[in-house]
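# Fold and geometry: a report
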Amino acid sequence: MIEKLQPPVAKKIATEFEKFGDVRIDNYFWLKDRENPEVIDYLNKENEYYQQMTAHTQDFQTQLYEEMKARIKEDDESVPYLYNGYYYITRYETAKNYPIYSRKKGSLSAKEEILFDCNVLAEGQAYFKLGGMSISPDNKLAIFSTDVIGRRIYTIQVKNLETDEILEDKIEKVTGSAVWANDNKTIFYSKQDEVTLRSDKIFKHKLGTKQEDDVLVYFEKDDTFNVDIAKSKSRKYLSIESGSTLTSEFRILNADNPDGKFKIFQKRKRGVEYSINHYKDSFYILTNKDDAENFKLMKTPEDATSAENWVEIIEHREDVLLEDIEIFANYLVIDERQGGLNKIRIMSWDGKEEYYLPFGSETYTAYTSTNVDFETEILRYSYQSMATPSSVIDFNMRTKEKEVKKEQEVLGGKFDKNNYTEERIWATAKDGTKIPISMVYRKELNKDGKNPLLLYAYGSYGHSMDAYFSSTRLSLLDRGFIYAIAHIRGGEDLGRHWYEDGKLLHKKNTFTDFIDCSKYVIEQKYTSAAHLYAEGGSAGGLLMGVIINEAPELYNGVIAQVPFVDVMTTMLDDTIPLTTGEYDEWGNPNVKKYYQYMRSYSPYDNVKKQKYPNMYVSTGLHDSQVQYWEPAKWVAKLREYKTDDTILYLDTNMDAGHGGASGRFEALKELAKEFSFLLDLEKIKI
């Protein structure tokens, strides 16, 4: 009988940590060693327990998988875009997991050239990811990178697009980010530290030479910074970006002179962020310089790039966040955010016209898309809402005519966006701050407190969680679920201050905001504690860890994907990938005030003897961002401490990393697991 199955019990080996007089005993620290057969055995036992406990849902999972898959247009393709004489297309074929990248010369009626068929490249691999792809200026060669483990460690190779042969050049153990100089034979790429996986080096490679002969162009000494290499839209400049959470610095080099020396654009200054866009004889700079918290736009001559030469183009505004720009010959386009909503602002360079694209909903996402040409009056952007499938739209900035190039198809014949209600409501946080919540549900739904509601949030790194459409989500909505996104502090949803109020010594606002949003949807009778579910991944998994410690009574179930829950151990270990670069987000625990603050909310360190909600926890053995041992240790400790018999599953993908399964259909199987967990708790099947 299922009821008699006993969950795995991890053995306890006490490891003591002491800092600032505070002693932490970690009984499950031993799970950190992925080379230890006992560790793998424990993870396998947890997987077996999960499989046995959910055996009664296997058919339902298959049904959900087939249902979600049936809505997807399997032979789909992207809207082509023209670059350097070729139309580029990404397409999928029926029943195949991976994309095919192709191009057509000069016309969409020209013969298709297959650049990369990822289905062929992925053969025999449990995991496959094509990283950066870069076409040489003469259109004859392509850089491509592949990861077959899921740890974001790539191998770069070069393909001759005229002969289809792969050149002998092979650059291993790199980030996958690479660009061409304009000579068609020099490649610049970034490489990470092999232990911490921090991207810290830029190398130069000449075709036909060995990797050990590559020249180190730049090494970033500050271990809180990462580096990357890019090429300007104008194709004139190569740029090295050194960036931390709070600070940025660029170095530039004319792409015609690959053996020249990169020069500093503007020296780093702590707390000053900037990004650069080149056009004609000038650079355009988005920056928070001079306390411009929500950023402003400035301009400088390309031969005088230091900050004293920068001239303001668009001033800072307290209520509008400048997120990005697109430059065209006759127009400047700005991605803005105001009141928690995306806005696209169009300005003519001659000053005669300025307007915003009109969007009617309050639960939408809109952003500029692939715009690689300066000399066009067509802006390509994307739009979607929680009930409206994603569209790619070409907008003529002169005539104001728009053409929908593609709207995501939802197959099966059952979807009609008019069957759903979208709304944005505002919860009041404990400090009086109003927190927006975007939601979608079936129109016939009654607010009687009996509806299952899945509340999702992220709330870190200034990453805004915009309202978006999902065809897979329909499997919940059509079974009576409400789906809601809490736009909590820690993201930039309502501007830069929204982020500042949810990081470092204000991080607890992220957690209390989510709890207050949970209470609000219960108070407003959208749901009740018996039917409320919470979901978050990575840093959003940290959020899940805190809320179940602080307010477990509010939730019937929680999904924690690759959760960052062992905050103290991870942030005190600077050999773990990404740790040092996180100090500006969470604080440096080697400083007492940050140690004490983080210690007070770290989910793993604050597990207590109490009742906990039903939980489904997922992770990947090769995860480079949140190491598998964090959720493994957390689940082991929860099993030891929880005082009830609620469900607790640990599901480890032994072949994948932070992003989960790599194929589009394999990812649906993971989603079917999550949905079946929720629907089984609600006793909903059909």
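Residues numbered from 1 in each chain as written. Predicted model: local features only at pLDDT ≥ 70, side-chain atom pairs only at ≥ 80, totals over all residues. Heavy atoms only, no water.

Attention shifts here to the pairing of strand β1 (residues 15–19). Relative to strand β2 (residues 22–26), β1 runs antiparallel, the two sharing 5 bridges. In the sheet register, Thr15 faces β2, and the bridge partner there is Asp26. Linking two consecutive strands that pair antiparallel, namely β1 and β2, is a turn of 2 residues; a positive phi of about 55 degrees is found at Phe20 within it. (Pairing = 2+ DSSP bridges. Helix = DSSP H or I, 4+ residues; strand = E, 2+ residues; numbered from the N terminus.)

This part covers unusual backbone geometry. With a phi angle near 75 degrees, Phe295 is a residue other than glycine that sits in the positive phi range. Structurally, the position occupied by Phe295 is in the loop between β20 (282–287) and β21 (296–301). Here Phe295 falls in the buried class, since its relative accessible area comes to 11%. (Buried < 20%, exposed > 50% of the residue type's maximum accessible area, 1.4 Å probe, protein only.)

Looking now at the side chain of Arg496. For Arg496, the location among the structural elements is in helix α5 (residues 496–500). Among the polar contacts listed, one links the side chain of Arg496 to the side chain of Glu492, at a separation of 3.0 Å. If near-sequence neighbours (up to four positions away) are discounted, Arg496 is found in contact with Thr245, Leu246, Glu273, Glu293, Asn294, Phe295 and Leu321. (Polar contact = N/O pair within 3.5 Å; in protein donor to acceptor, adjacent residues only side chain to side chain. Contact = heavy atoms within 4.5 Å.)

Under the criterion given, the structure shown has 36 aromatic pairs. Taking 5.9 Å as the distance between ring centres and 25 degrees as the angle between the ring planes, the aromatic pair formed by Tyr81 and Tyr88 counts as stacked. Given a relative accessible area of 6%, Tyr88 falls into the buried group. Taking the centre distance of 5.1 Å and the plane angle of 55 degrees together, the rings of Tyr237 and Phe283 count as tilted. Taken together, the positions of Tyr237 in strand β16 (residues 237–243) and Phe283 in strand β20 put the pair 46 residues apart, joining distant regions of the chain. For the pair Tyr237 and Phe283, a shared accessibility class is recorded, and that class is buried. A connected cluster of aromatic rings, assembled from ring pairs, spans Tyr237, Phe250, Phe265, Tyr274, Phe283 and Trp310. Note that Lys19 overlies the ring of Phe20, its terminal NZ or CZ placed 5.5 Å from the centroid. The ring of Phe665 carries the charged tip of Lys69 above its face, separated from the ring centre by 4.9 Å. (Phe/Tyr/Trp six-rings, centres within 6.5 Å; stacked < 30°, edge-to-face > 60°. Lys NZ or Arg CZ within 6 Å of the ring centre and 35° of its normal.)

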